[in-house]
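# Coordinate analysis (summary)
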Amino acid sequence: MRTIHTDLSHRTADHCIPLSPLRAKELCVRAGDRVRVANRDMEVEADIELRDGHLVAVPCWSTLTYTD
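What counts and what doesn't
Residue numbers restart at each chain and count upward from 1, following the sequence in its written direction. Local features in a predicted model are, by the rule used here, given only for residues with pLDDT of at least 70; side-chain atom pairs are given and counted only at 80 or more, and totals for whole chains, interfaces and linings are based on all residues. Computation of side-chain values: all heavy atoms of the structure, hydrogens and water removed. Exposure is judged per residue with a 1.4 Å probe applied to protein chains only, and the accessible area is read against the type maximum: over 50% gives exposed, under 20% gives buried, and values in between give partly exposed. Strands are runs of DSSP state E lasting at least 2 residues, helices are runs of H or I lasting at least 4, and numbering of each runs from the N terminus. Two strands make a pair as long as DSSP finds a minimum of two bridges between them. The disulfide criterion used throughout: a pair of cysteine sulfur atoms within 2.5 Å.

In this section: the pairing of strand β5 (residues 54–59). For β5, the tally of buried residues reaches 5 of 6 residues, placing the bulk of the element in the interior. In the sheet, strand β2 (residues 17–18) pairs with β5 via 2 bridges, with the strands oriented antiparallel. The partner of I17 across the bridge, within β5, is A57. Summarising the sheet, strand β4 (residues 42–51) and β5 pair through 6 bridges and their orientation is antiparallel.

Here we take up the state of the cysteines. Disulfide: a covalent bond connecting the sulfur atoms of a pair of cysteines. By the definition in use, this model includes 0 disulfides. With no disulfide of its own, C60 lies 12 Å from the sulfur of C16, the closest cysteine sulfur.

Right under this line is the structure:
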């Protein structure tokens, strides 16, 4: 499972984590992929979805773990 390091506080109103097209291309992720999204002290599994023409990581908050 690919890990995406980003700031988890940058979320949309529906708690998704937006991905820029350039960042998604760099990480080789696309809609339908399952990833791990992490920052310094937390990580969560997420599904990549296309919403309103933009890729977002949709977290499964029940998988949230603290890594400190």
